[in-house]
Number of protein chains: 2
Amino acid sequence: MTTIYDIAKRANVSSMTVSRVINNKGNISEATRKKVEEAIRELNYIPNSAAQSLNLKKTKLLSLVITDITNPFFTKVARGATDKANQMGYQLILCNTDEDYEKESEYIDALIAKRVDGVIIAPTGDSSLKNLKKLMKNRIPFTLIDRKIENVPCDMVLGDNYEGTRYLLQHLITNGHQRIAMVHGPLTISTSKERYQAYVETLKLNDLTVSPSFLIEDHYKQEDQLAGINHLLELPEDERPTAFFAVNNFIAIKLIKQLRQGGLRVPEDMAVVCFDDLELFIELDPFLTVSSQPAYDFGYMGTQLVIERVEGNSPTGYRSINLKPELVIRKSSGTSIKE
Amino acid sequence: MTTIYDIAKRANVSSMTVSRVINNKGNISEATRKKVEEAIRELNYIPNSAAQSLNLKKTKLLSLVITDITNPFFTKVARGATDKANQMGYQLILCNTDEDYEKESEYIDALIAKRVDGVIIAPTGDSSLKNLKKLMKNRIPFTLIDRKIENVPCDMVLGDNYEGTRYLLQHLITNGHQRIAMVHGPLTISTSKERYQAYVETLKLNDLTVSPSFLIEDHYKQEDQLAGINHLLELPEDERPTAFFAVNNFIAIKLIKQLRQGGLRVPEDMAVVCFDDLELFIELDPFLTVSSQPAYDFGYMGTQLVIERVEGNSPTGYRSINLKPELVIRKSSGTSIKE
DNA sequence: CTGTTAGCGCTTTCAG
DNA sequence: CTGAAAGCGCTAACAG
């Protein structure tokens, strides 16, 4: 491995001079700069960033901590994050927590060991607070994306879960639906909780009853069946829901699969709406009615905010960016139903 | 930032002793180990891996270099790679080259600077050879995934492009198709080239004519239109293709969109088949007939192979793993056509 | 079983 | 404009 000393020797200068030309710092005569640059080229020298990091206490490493890159929402987030990171000269370490607090903790420890400059994280849930505190203790800035944790002083890039939910439900209600069930995730996850609350509020505002049996909880894990759905479907026709609001697209797909297994067609027998789009899919078949969120921007903006903080270009206060959802009406919500 | 010396002082031992308990190396009395461990806990000490790397010349950093995480094939690859990496105690840096050799080069330089222990790469094309040589010069092991480069001594995890193509075409031919067009990518990419060659071979074997105008090239970039398609569609009915073989799912979607814009239905008016599945999508609508590749395994195995090499557990020779595709027949290829 | 010394490759003083 | 010395936090090699 060629080091800065090899270059120094070859160019007949000290290592300091080499360092200076590499980093474009201080004044160097054109002549010696040329010499050094040539030596660098000849020996294919690339500075060792471990050594740099040790000195500078900066690694130019960021990490994106999400639950699952395989979820199309997070795929887009990751694209946005890598784009911004690389544009700014950083590398991005990817971590999948699988909604598991323990895994998240292990990752956080590893990231601290690596001394990453900053973290962009969609936490697994409220208990992640402990992990965030660990980051704070180690002075590693982070921005929360998509999911909020209360009382954490940090930048955030969040969606508008109330508005998104309202869009979806109003659309269903306008179409004549009165009995709308919801499938949500753990309420320890802010997106799930807020969409849940918005669901309750919106129904009430529209004088619709909120029935506990219409609220199904899923664990955001890989299991195949949504418990409680089949029970709902066995209700007499005039009591069972005519529409479902799924908290996200992953759940919606699970749900639709299960509805079909139960012999129901979507949207003819059951309308379905959800958060987050499935972009590629939609090109082939504009099917799901969704509140589409700008996933790419979550990653891009989230990364921008950490970098600003890492580099000391942030305002003193913490910023919270609100990304608006957009209602996209497609087939799965059907047309108006007869009452 | 707390260092190994802080721990040493607190535990009344030397830094070496601390180092030994951290790394579980050498013999330590139970008593001092306890003391040290307690000090570590009390001060929340986490070793600085930049310092470790500088000594050990190991970073426990790997990188996955792909063209676009947003492509569902690579999304799965990434999941497989992160899973294996983390299982083995490595972190994974994600790089998207966008099929751009220049971007790839920049990434490679950055990765060399970071002294990553290994790289898992789907190269942008044959010219990537130069970048791979750079890695070799820097003694960074890599495994090639999905795309092969000739004459590079390294481990590889590849699909069987011949077999996959044959499956797809035989299926179409069995269904009565005689005029099958192909949309491929740049022939500097091995997958595209091999599928192209397999296309030619298979048609010949079946005594079908290979018409140059039936071979459409796409650039694998974001452009909206596939040049040359419209021209094909303007041919008289008995001359125009009755089926298309798209080199991958991204292209297939582009193609189908364009066919529809031209007023053609798939599969009624035009059958379409391609490589690589769209897993989530397929749950909602089993549409595309594909040669499905085990994308996850490309990432997982690829990572396993580099790690083995990094850690010196590889055989002397280089290994080439062949992952078989599976033909999944769905709607887009239609049923038998009348001749 | 534990400690000392030196050095990984670079940059930050401080001199010159 | 350039260089010498010291140190970032850790571990390998050798002593004891």
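Bear in mind the structure is a predicted one, so any value in this text is a computation, not a measurement. (Residues numbered from 1 in each chain as written. Chains lettered and ligands numbered in written order. Predicted model: local features only at pLDDT ≥ 70, side-chain atom pairs only at ≥ 80, totals over all residues. Heavy atoms only, no water.)

**Q** Just give me the short version of the side chain of Asn-138 of chain B, but keep the residues and values in it.
**A** Looking at where Asn-138 of chain B falls in the secondary structure, it is placed in the loop between helix H7 (129-137) and strand S4 (142-145). Residues in contact with Asn-138 of chain B, not counting those within four places in the same chain, are Met-1 of chain A together with Ile-112 of chain B. (Helix = DSSP H or I, 4+ residues; strand = E, 2+ residues; numbered from the N terminus. Contact = heavy atoms within 4.5 Å.)

**Q** Kindly report on the interface of chain A and chain B, identifying the contributing residues and their values.
**A** Across the boundary between the two partners, chain A contributes 52 residues, which contact 52 residues of chain B. Linking chain A to chain B there are 6 salt bridges. Between Arg-79 of chain B and Asp-98 of chain A there is a salt bridge, and its shortest N-O distance comes to 2.2 Å. At the level of elements, helix H4 (49-56), helix H5 (72-87), strand S2 (91-96), helix H6 (101-113), helix H11 (249-261) and helix H12 (279-284) of chain A are the ones that each hand at least two residues to the side of chain A that touches chain B. (Salt bridge = Lys/Arg side-chain N within 4 Å of Asp/Glu carboxyl O.)

**Q** Describe the UniProt feature "domain: HTH lacI-type" (unreviewed entry) in chain A, listing the residues and the values that go with them.
**A** In this numbering, the UniProt entry assigns the feature "domain: HTH lacI-type" (unreviewed entry) to residues 2-56 of chain A. Helix makes up 71% of residues 2-56 of chain A and strand 0%. Its end C-alpha atoms lie 21 Å apart. (UniProt positions renumbered as here; feature names shortened; annotations may be inferred.)

**Q** Help me get a handle on the protein's contact with DNA strand C, residues and values and all.
**A** Of all residues adjacent to DNA strand C, which total 27 residues, the nearest are Ile-4, Met-16, Tyr-45 and Asn-55 of chain A together with Arg-20 of chain B. Close to the protein, within 4 Å, the atoms of DNA strand C are drawn from sugar and phosphate at a rate of 62%. Taking Asn-48 of chain A, its main chain carries an N or O atom lying 3.0 Å from a phosphate oxygen of DNA strand C. A distance of 3.0 Å separates a phosphate oxygen of DNA strand C from a polar atom in the backbone of Ser-29 of chain B. Contributing elements (two or more residues each) for the surface near DNA strand C: helix H1 (4-11), helix H2 (15-23) and H4 of chain A together with helix H2 (15-23) and helix H4 (49-56) of chain B. In terms of residue class, the surface near DNA strand C is made up of 11 nonpolar, 13 polar and 3 charged. (Near = heavy atom within 4 Å. Polar contact = N/O pair within 3.5 Å; in protein donor to acceptor, adjacent residues only side chain to side chain. Nonpolar A, V, L, I, M, F, W, Y, C, P; charged D, E, K, R; others polar.)

**Q** Tell me about the packing of aromatic side chains, and please be specific about residues and values.
**A** Given two aromatic rings, one states the distance between the centres and the angle between the planes to describe the pair. Residues and elements named next belong to chain A. According to the stated counting rule, one finds 9 aromatic pairs over all chains in the structure shown. Ring geometry for Phe-73 versus Phe-74: centroids 5.2 Å apart, planes at 70°, classification edge-to-face. Each member of the pair, Phe-73 together with Phe-74, is buried. Taken together through their ring pairs, the aromatic side chains of Phe-73, Phe-74 and Phe-298 make up a single cluster. Directly above the aromatic system of Phe-275 lies the positively charged group of Arg-195, at a separation of 3.6 Å from the ring centroid. (Phe/Tyr/Trp six-rings, centres within 6.5 Å; stacked < 30°, edge-to-face > 60°. Buried < 20%, exposed > 50% of the residue type's maximum accessible area, 1.4 Å probe, protein only. Lys NZ or Arg CZ within 6 Å of the ring centre and 35° of its normal.)

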